[in-house]
Amino acid sequence: DRHDRPSVFADTCFDLLDVDKQTRTAVFSASGREPDLDPYVRQLYRVPLDGGDIVRITDDALDHDAVASPSGRFLVDRRSYVDVPGDARVLDRDGN
């Protein structure tokens, strides 16, 4: 099963958005990880660099195109889907 693979990049990773050297975590976008979602929509994730679980920080079925702020503390997340008008929001690294 593709969701049992241990690699961060087992599915399609689109962008490495930020690496926080202090907390040793990375934020990235990927698709194909969520079994109930369109396999082509990008979701945002956080992962500890020293190993551990990948955490999805977006909680909807929209496509997410994000960029990190210069400090890396925030993400500008542009989200949309073919039948949903797009919007933009600012998230922290936990998706809040």
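To keep things clear, this report deals only with the structure shown in the data block. Because the structure is a prediction, the values reported are computed rather than measured.

Reading the values: rules and limits
Residues numbered from 1 in each chain as written. Predicted model: local features only at pLDDT ≥ 70, side-chain atom pairs only at ≥ 80, totals over all residues. Heavy atoms only, no water. Helix = DSSP H or I, 4+ residues; strand = E, 2+ residues; numbered from the N terminus. Buried < 20%, exposed > 50% of the residue type's maximum accessible area, 1.4 Å probe, protein only. Contact = heavy atoms within 4.5 Å. Areas by Shrake-Rupley, 256 points an atom, 1.4 Å probe, with all protein chains shown as cover. Salt bridge = Lys/Arg side-chain N within 4 Å of Asp/Glu carboxyl O. Pairing = 2+ DSSP bridges. Patch = residues over 30% accessible without salt bridge, like charges linked within 9 Å, V, L, I, M, F, W, Y side chains within 5 Å.

This part covers the overall build of the chain. Helix and strand content of the chain: 0 helices and 7 strands. Along its sequence from the N terminus, the chain presents helices and strands in the succession β-β-β-β-β-β-β. For the chain, with 96 residues in total, the buried portion stands at 36%. Sequence separation of 24 or more characterises 24% of the internal contacts of the chain that already satisfy a separation of 6 or more. Summing over all exposed atoms, the chain offers an accessible surface of approximately 5,900 Å²; the carbon and sulfur share of this is 50%.

Here the focus is the pattern of salt bridges. For the coordinates displayed, the defined rule picks out 10 salt bridges. We note a salt bridge from Asp 50 to Arg 24, for which the minimum N-O separation is 2.9 Å. Taken together, the residues Asp 50 in the loop between β3 (43-48) and β4 (55-56) and Arg 24 in the loop between β1 (12-20) and β2 (25-31) connect sequence positions 26 residues apart. Look at Asp 50 and you get exposed, because its relative accessible area is 58%. Close ionic contact of Arg 79 with Asp 60 constitutes a salt bridge, the shortest N to O distance being 3.1 Å. With Arg 79 in strand β6 (residues 74-81) and Asp 60 in the loop between β4 and β5 (63-68), this residue pair connects regions lying 19 residues apart in the sequence. Here the two residues Arg 79 and Asp 60 agree in accessibility, since each one is buried.

This part takes up the pairing of strand β7 (residues 84-92). Bridge count between β6 and β7: 7 bridges; the pairing is antiparallel. Bridge pairing in β7 links Val 76 to Val 90. Connecting the antiparallel pair β6 and β7 is a turn made up of 2 residues.

So, about the pairing of β1. For β1 and β2, the ladder comprises 7 bridges, and the chain directions are antiparallel. Within the sheet, the bridge partner assigned to Val 19 lies in β2 and is Ala 26. If you look at the hairpin formed by β1 and β2, you'll find 4 residues sitting between the two strands, and Arg 24 has a positive phi there, around 55 degrees.

It is worth spelling out a nonpolar patch on the surface at this point. Judged by side-chain polarity, Val 67, Phe 74, Val 76 and Val 90 come together as a nonpolar surface patch covering roughly 300 Å² of accessible area. As for its position among the elements, Val 67 is in strand β5.

It is worth spelling out the sheet that holds β1 at this point. One open sheet accounts for 4 strands, arranged β1-β2-β3-β4; its pairing is antiparallel. For this open sheet the edge positions go to β1 and β4, each flanked by a neighbour on one side alone.

Take Ala 68: it is sitting in strand β5. For Ala 68, a relative accessible area of 26% puts it in the partly exposed group. For the pair Ala 68 and Arg 93, spaced 25 residues apart in sequence, the C-alpha to C-alpha distance is 9.4 Å. If sequence neighbours within four positions are ignored, Ala 68 has contacts with Leu 17, Asp 18, Phe 74 and Leu 75.

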